[in-house]
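A closer look at the structure
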Amino acid sequence: MTTISINLQAITERIAAVAQAAGREADSVRLLAVSKTWPAASVREAAGAGQRAFAENYVQEGVGKIIELRHLDLEWHFIGPLQSNKTKAVAENFDWVQSVDRLKIAQRLSAQRSPALPPLQVCIQVNVSGESSKSGISPVEAMPLAHAVAALPRLQLRGLMAIPEASEDIALLRQRFTALRELRGRLVTGGLELDTLSMGMSQDFEMAIAEGATLVRLGTAIFGERST
Ligand SMILES: *Cc1c(COP(=O)(O)O)cnc(C)c1O
């Protein structure tokens, strides 16, 4: 077995154990492999070990891997900051976009999504850390944005994503995850169907699962330390 497949197996077992300890089904949490900076060969290796969903932060790098690995029929998520001039490449190549934080970006993605493809699956990125983080919409603005995004024809709004600020303060981090879960609860009460709570990375996915994450985004824990 390769290091990547050993890591994937250990993480999958850990996710199941943490979910069950939190009173959740093991399969209520999906693992997203964050392959940014890693070559297509690493993705191929993870795919060979059964991993289906991958995430990229940079448009050009991601599209290159998607095209190279098209025959593997993987699921690709875009999770990085998205500028207007890059939306077309994302709409044409990715299956999901988790970093929608402005209506203009969502409108462009919807307009540029080919009718030949299924609707683009999207999450709204919420800034749960206040001033210390620049990406994501503020929690109070999330409700109107979510309703506007849900109305766009070629997008399917699935839920919320957050990247809390790095912190040694465990209680604070937990509050950030709780805040995202509660925000989704309010949006669901407000009439939106949202099945996805994307939160938790290599350092903190166990806490995120305990707080309700349905999608955890792991890079380092699967592929190793990034050199860039
Ligand atoms: C890089 C990245 C991850 C993965 O981080 P690790 O600490 O390597 O697990 C997850 N989510 C986002 C948005 C990222 O940019």
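Residues numbered from 1 in each chain as written. Predicted model: local features only at pLDDT ≥ 70, side-chain atom pairs only at ≥ 80, totals over all residues. Heavy atoms only, no water.

Remarks on the site of the ligand
Note the cut-off: If a single non-hydrogen atom of a residue is within 4 Å of a molecule or strand, that residue counts as near it. Whenever a nitrogen or oxygen atom comes within 3.5 Å of another N or O atom, the pair is scored as a polar contact, on the condition that within protein one atom can donate a hydrogen and the other can accept it, and that pairs from neighbouring residues in sequence are kept only if both atoms are in side chains. Note on areas: these come from Shrake-Rupley sampling with a 1.4 Å probe, and a residue is covered only by the protein chains present in the view. As a working rule, the residues Ala, Val, Leu, Ile, Met, Phe, Trp, Tyr, Cys and Pro are called nonpolar, Asp, Glu, Lys and Arg charged, and the rest polar, with Gly in that last group.
Surrounding the ligand, one finds Val34, Lys36, Asn57, Ile79, Ile163, Met201, Ser202, Arg217, Leu218, Gly219, Thr220 and Arg226. Residue Lys36 places a side-chain N or O atom 2.8 Å away from an oxygen atom belonging to the ligand. Arg226 has a polar side-chain atom sitting 2.8 Å from an oxygen atom of the ligand. When the free accessible area of the ligand is taken as 390 Å², the share hidden by the protein chains comes to 91%. Residue composition of the shell around the ligand, grouped by class: 5 nonpolar, 4 polar and 3 charged.

Comments concerning the nonpolar core
Nonpolar side chains tend to gather and get buried jointly when the protein is soluble and globular. For clarity, the threshold we go by: Within this scheme, the nonpolar core is defined by two criteria: the residues are buried Ala, Val, Leu, Ile, Met, Phe, Trp, Tyr or Cys, and they are joined through side-chain atoms within 4.5 Å. Under the scheme applied here, a residue whose accessible area is under 20% of the maximum for its type counts as buried, over 50% as exposed, and between as partly exposed, the area being computed with a 1.4 Å probe on protein chains only. Helix and strand labels come from DSSP, where a helix needs a run of H or I of at least four residues and a strand needs a run of E of at least two; each type is numbered from the N terminus. The contact criterion used is simple: two residues touch if any of their non-hydrogen atoms lie within 4.5 Å.
Membership of the largest hydrophobic core comes to 64 residues, with the highest contact counts inside it found for Phe54, Val97, Leu109, Ile124, Val149, Val216 and Ile222. The biggest single contributor to this core is helix α1 (residues 3-21), with 6 residues. The contacts of Val216, once residues within four sequence positions are left out, are Ile15, Val29, Arg30, Leu31, Leu32, Met199, Gly200, Phe205 and Ile209. Grouped together as the second largest cluster of nonpolar side chains are 6 residues, Leu32, Ala53, Ile79 and Leu215 included.

Thoughts on the packing of helix α6 (residues 139-150) against helix α7 (residues 170-189)
Spelled out, the test is: Only the stretch in contact is used when a helix axis is fitted, and all axes are lines through C-alpha atoms; the angle between N-to-C directions ranges over 0 to 180 degrees. Should the near helix be turned anticlockwise from the far one by less than a right angle, the crossing is termed left-handed; should it be turned clockwise, right-handed.
Between α6 and α7, the least distance of the axes is 11 Å, while the angle of their chain directions is 35 degrees. Note that α6 runs across α7; the crossing there is right-handed. Here Pro139, Ala142, Met143 and Ala146 of α6 come into contact with α7, specifically with Leu183, Arg186 and Leu187. For the contact of α6 with α7, the per-class residue count stands at 6 nonpolar, no polar and 1 charged.

Here's the deal with the pattern of salt bridges
Threshold: Any carboxyl oxygen of Asp or Glu that lies within 4 Å of a side-chain nitrogen of Lys or Arg is treated as forming a salt bridge with it.
Under the defined criterion, the tally for this structure stands at 11 salt bridges. Ionic pairing is found between Arg158 and Asp195, a salt bridge with its closest N-O pair at 3.0 Å. One end of the pair, Arg158, is in strand β6 (residues 155-161); the other, Asp195, is in the loop between α7 and β7 (196-198), and 37 residues separate them in sequence. Each of Glu56, Glu61 and Lys65 takes part in a single network of salt bridges with overlapping partners.

A short note on unusual backbone geometry
One non-glycine residue with positive phi stands out, namely Thr37, at about 75 degrees. The topology assignment puts Thr37 in the loop between β1 (30-34) and α2 (40-48). Take Thr37: its relative accessible area is 31%, and that puts it in the partly exposed class. We note that Asp73 has phi near 55 degrees; this positive angle belongs to a residue other than glycine. Examined against the element boundaries, Asp73 turns out to sit in the loop between α3 (59-68) and β3 (75-78).

Regarding the environment of Leu8
Relative to the helices and strands, Leu8 is located in helix α1. Taking the C-alpha atoms as reference, Leu8 lies 7.9 Å from Gln51; in sequence the two are 43 residues apart. Apart from the residues within four sequence positions on either side, Leu8 is in contact with Leu31, Ala46, Ala49, Gln51 and Ile222.

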